[in-house]
Amino acid sequence: MKLKQLLFASLLFTGFQLKAQIGPQPSSVKWKYVENDKVKVIFPENNQAEATRIADLVTYINKNATVSVGTKSKKLDILLNTNNAQGNGYVALSPYRSEFYATGFQDFNDLGSMDWLDALAIHEYRHALQYTNANRGFTKFLYLLQGQAGWGLGVNFSVPDWYFEGDAVLAETVLSDAGRGRTPSFFDEQRALLLSNKNYTYLQARNGSYKKLLPNHYPLGYAILNYGRNHFGPEMWPKVLADAGRYRTILYPFAGALRRHTGIGVNKMYKLAYKEMKENWENELKTLELTPTTAVTPLPKRTVTNYTFPHWLDDGSLLYIKSSFKQISGLYRIKDGRQEFITSIGLATENYLGVNKNKVSWTEMRKDARRDAVIYSVIMSYDLQTGHKTEVTQKSKFFSPQFSSSGDRIVAVKADEEISNEICIISPNNGSIISSIPNPENDFISYPKWTNDDASIVYLAKRKSKIALLKYDLSSKQTTELTPWTTHVISGISVSDKRVIFGASFSGINNIYAVNLNGDKQISQLSSVRIGATLPAISKDEKKLAMVEMTAMGRQLTQLEVKSTAPINLTEPVTMERFHVKTTDIEHNIQNEATGNDYEVKNYKGLLRGVKLHSWNFGSSDSRNINLSVQLGNILNDFSGIIGARYNYNEKKVRFSGGFDYGKFFLPLSFRASTGDRANAVFLAPDFLGTLSYKQNDVSVGLSLPLSWIKGNYTTSFRLASTFSHINTSAYKIQDTPQNYSLNFNAVQVGLNFSNIRRKARQNLVNKWSQNASLSYQKSITDGISAERLMGAVGFTTAGFGKNHGIEVAFRGKKEFLNNNYLFEDQFLHARGYAAAPGDLETVISTTYSLPLFNIDRGLLGLFFINRARANVFYDYGRIERNFINFSTLQRSYGGELIFDIKLFNTVGPLGFGLRNSVLLDTDPLNPTSKQRFEFFVASNL
């Protein structure tokens, strides 16, 4: 679940721009809502039961279970999005709202056994309580000063991100019998590092690395929060949160608050928490009898690499997905230690691989071209014999596909917009549904597999926050429970002739288990490993078991010889002391208590549904403008408005503007109005530049067609926009000398933007093999007024000499005659090292080679943390022509950029702080004595 925090960067680098993509929800959805004084849940008309459940949980928590976060609250609007195939949720400011993506994870290791919407309700509402209980003192002052943008700024400078997520995971855990705090996979990376004696500093754990495997802020925060809860009581953390929001300690407010209430600083508590976890795990290891495993894939020494979803092939080789910090995911095969790349695997809602003989299947993400909130999951197939890759379904929400042994059917999970789940049998030829398996309880279904004779389907089901392994017989239409219902996690299935092999958390450590297909529920344990084992694959002769084991350098494929073992008895995780979760009379499992509220269901409709004023900002959107603005928006994101002032660095003038975008319908409507000063550089003589200044008022209205797609590893976007403007100018001055001149005319603008961006691995500096293009044409349509400009840009990227290197090439052009009656605002990106000079025609060709230098992973007192250093070498070729004096000049430069990827105050970033030295090969007309130019710049697009 993603907490969309409004970071300081939004204040520095977000400016006077309305969102390019607006109206992500389909206009055909009929929205309803239920509400009370604590929450409003907005939902599609067929999802009243789910909306009511969410409202019940939020209301119960607000009234009964806030002892460990604080009692302040603010009514929250929650949008239930049933069109998105991704599993996620967030709470955001600007405006204050939450959104739940209603389709859960197939891999139960990701969240545990909790019902998906229950988990979202507890987790995301915890974020809302965190925000409101931190809105005190100086944070409250920033809120009054800048609205929700200031609120977010104050909270995110005073409270670390690990607190937000660690505390929300802790809430999941103590308010249920499950939660990620009782899910072993949640601790896999920490366990692998600590039991390998890899001890990183707090600053390294806090800021991450491009080289090292470091757990993200979820498990980091949970470890610290749970340690504090267990040693100082649940009432300690709300005091820390409140004092941090107040900034009682000006520098490092959270650390100061923690020290004030515990006598321990953040660094020390981090060390104590990790020391305690390590000791607990080491003591536990002493009691275990480990099973020896043999490595199938090499353990990487330099680059974090993950091998997942192994499957045995008939020739004894293993097929699997491989990805690393240097390479995006792909399908590979290994035999006798030799790895072979098979084919690429595109972006997916979550990783998965199904294999049966020579037929391979997985899912990839797609999206609606116009509506960003509509995300699909389509089935892909690959034939190992022919090498043919096929997209089996379109505009679907299918998950976890697997071919039958005969190859003529695919079994998969289907989710729909009514939050219903079913197992479907699909034709691989045309993607049509042949039949479906009944699911009368609407269990959440995961990982269906054919038995070897294609007679039955084995699958995982989640019901009322418990999981069981089930088998459905296709001929008798009978369902058999293979395992008892449990709050333990079960995930990853491999089927042999007589048994199902699966991964589970029964021992408190993820291991591999087996159960018979006959329904006797006799479970035996096949592995006992140090860190954790998942995703088993049993060989055809049932003698070898491949699996995925966690290491300090990523996930590795290992194998073991299968041996007979005695059946085990299950102990539920809520009673297992190894998780060190302490509940109280107030904070305990609430899932069966949060019921019984009555709500009136109302239509959620209107032209401007839920529009709220949320922020008033000061910041910069790019290197050419600085802005002061007031912003409005709504939870459906089909309206955004802004009023503000903008200072243009190129023209050195201030303008006041306002506008809105309305995107409920297929073609978004935009409106803008602005007034203020303009300035253009003009030639008063062939060799003398002067300044023409004037006042300008303008009004514009436009329509746009914003489209975007996801296919394979590429995200493609296309935007066509047309605008009609009325422009009035007056009070002209040349070099401060008034001129008796004014303009009053109409103009049109047509713009086109295109990009095709390939995803990149963590260490890659450039999105390789990507392309982009833009074109803008503006022209006066009033007789007697000459105003016309054509601007365009084309760029592409390629691979460099190393895996993390990249080359960027860009061409930019602008044509606008200087003797026109009116010149449009200068937003052109000129050759590096040169000041903006006027011209009728300007072209620039830029080439940049990017390469990493070294990883640093060091910081200073929490003020800044440097992850890595990288470099760019560039050459720009610019040419400016001035037709009225038959003159042209070159603007050529070359140079280098040294860039440090830095996080400020452990919060802002990563940002690229760069030093650029440009060597000028030609004379800069505005700085004729300069032969080189040294600049400092900040890049936020890492």
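Anything mentioned here points back to the structure above.
Calculation rules
- Residues numbered from 1 in each chain as written.
- Predicted model: local features only at pLDDT ≥ 70, side-chain atom pairs only at ≥ 80, totals over all residues.
- Heavy atoms only, no water.
- Helix = DSSP H or I, 4+ residues; strand = E, 2+ residues; numbered from the N terminus.
- Rg over C-alpha atoms; globule rule 2.2 N^0.38 Å.
- Buried < 20%, exposed > 50% of the residue type's maximum accessible area, 1.4 Å probe, protein only.
- Areas by Shrake-Rupley, 256 points an atom, 1.4 Å probe, with all protein chains shown as cover.
- Lys, Arg positive; Asp, Glu negative; His and termini not counted.
- Charge placed at Lys NZ, Arg CZ, Asp CG, Glu CD.
- Axes fitted to C-alpha atoms, helices over the stretch in contact; angles between N-to-C directions.
- Parallel < 35°, antiparallel > 145°, perpendicular 65-115°, else oblique.
- Left-handed = near helix turned anticlockwise from the far one by under 90°.
- Contact = heavy atoms within 4.5 Å.
- Nonpolar A, V, L, I, M, F, W, Y, C, P; charged D, E, K, R; others polar.
- Pairing = 2+ DSSP bridges.
- Core = buried A, V, L, I, M, F, W, Y, C linked by side-chain atoms within 4.5 Å.
- Patch = residues over 30% accessible without salt bridge, like charges linked within 9 Å, V, L, I, M, F, W, Y side chains within 5 Å.
- Salt bridge = Lys/Arg side-chain N within 4 Å of Asp/Glu carboxyl O.

Chemist: Can you help me understand the overall build of the chain in this one?
Modeler: Secondary structure assignment for the chain yields 12 helices and 47 strands. Its C-alpha atoms give the chain a radius of gyration of 30 Å, within 12% of the compact-globule value 30 Å for 942 residues. With the C-alpha coordinates aligned to their principal axes, the bounding extent of the chain is approximately 100 × 60 × 55 Å. The 942 residues of the chain split such that 58% are buried. Carbon together with sulfur atoms contributes 52% to the accessible area of the chain, which is approximately 38,200 Å² in total. Separation of charge centres in the chain, based on 108 positive and 84 negative side chains, amounts to 5 Å.

Chemist: Hey, could you run me through the packing of helix α4 (residues 137-146) against helix α5 (residues 148-158) in this one?
Modeler: Each pair of packed helices can be summarised by the angle the axes make with each other and by the distance between the axes. Following both chains from N to C, one finds α4 and α5 inclined at 150 degrees, their axes separated by 6 Å at the closest point. In terms of orientation, α4 and α5 fall into the roughly antiparallel class. Crossing handedness for the pair α4 and α5: right-handed. Residue-level inspection shows Thr139, Leu142, Tyr143 and Gln146 of α4 in contact with α5, the latter providing Gln148, Ala149, Gly150, Trp151, Leu153, Gly154, Val155 and Ser158. The class makeup of the residues in the contact of α4 with α5 is six nonpolar, six polar and no charged.

Chemist: Help me understand the sheet that holds strand β29 (residues 554-561), please; the structure alone is not making it clear to me.
Modeler: To summarise the sheet geometry, strands pair through backbone hydrogen bonds and adopt either a parallel or an antiparallel arrangement. Spatially, four strands are ordered β6-β29-β28-β27 in an open sheet, and the strand pairing comes out antiparallel. Each end of this open sheet is capped by a strand with a single partner; those strands are β6 (294-295) and β27 (533-538). Both β27 and strand β28 (residues 544-551) contribute to a ladder of four bridges, which runs antiparallel. From the neighbouring strand, Thr534 faces β28, where its bridge partner is Val548.

Chemist: Which parts of the structure should I look at to understand the sheet that holds strand β8 (residues 318-324)?
Modeler: Here four strands make up an open sheet; going across it, the order is β7-β8-β9-β10 and the pairing antiparallel. Each edge of the open sheet is held by one strand with a lone partner, namely β7 (305-312) and β10 (338-344). Within the sheet, the average angular offset between the axes of one strand and its neighbour, ignoring direction, is 30 degrees. One ladder, built from six bridges, connects strand β9 (residues 330-335) with β10; its direction is antiparallel. The residue bridging Tyr332 from the neighbouring strand is Phe341, located in β10.

Chemist: Quick question: what am I supposed to make of the nonpolar core here?
Modeler: Counting residues in each nonpolar core, the largest one holds 95 residues, and the members touching the most others are Trp162, Tyr163, Trp237 and Phe254. No other element matches helix α3 (residues 116-134), which puts 11 residues into this core. If you look at the next biggest cluster of nonpolar residues, it comprises 48 residues, including Phe309, Trp312, Tyr382 and Val515.

Chemist: What is the right way to look at unusual backbone geometry in this model?
Modeler: A negative phi holds for most residues other than glycine; trans holds for most peptide bonds. With an omega dihedral of 0 degrees, the bond running from Ser94 to Pro95 counts as a cis peptide bond. In this fold, Pro95 is placed in the loop between β4 (89-92) and β5 (97-101). Going from Gly909 to Pro910, the amide bond is cis rather than trans, its omega being 10 degrees. Along the chain, Pro910 turns up in strand β46 (residues 908-920). Backbone geometry places Ser400, a non-glycine residue, at a positive phi of 50 degrees. Here Lys521, not a glycine, exhibits a phi torsion of approximately 60 degrees, which is positive. Structurally, Lys521 can be placed in the loop between β25 (511-516) and β26 (523-525).

Chemist: Just to check I follow, could you spell out a nonpolar patch on the surface for this structure?
Modeler: Together, Phe666, Leu667, Leu669, Phe671, Val699, Val701, Leu703, Phe724 and Ile781 line one region of the surface with nonpolar side chains, adding up to about 730 Å² of accessible area. The set of elements that each furnish at least two residues to the nonpolar patch consists of β35 (669-685) and β36 (688-711). Per-element accounting of the nonpolar patch gives the leading share, three residues, to β36. Position of Val699 relative to the elements: it lies in strand β36. Judged by its relative accessible area of 39%, Val699 falls in the partly exposed class.

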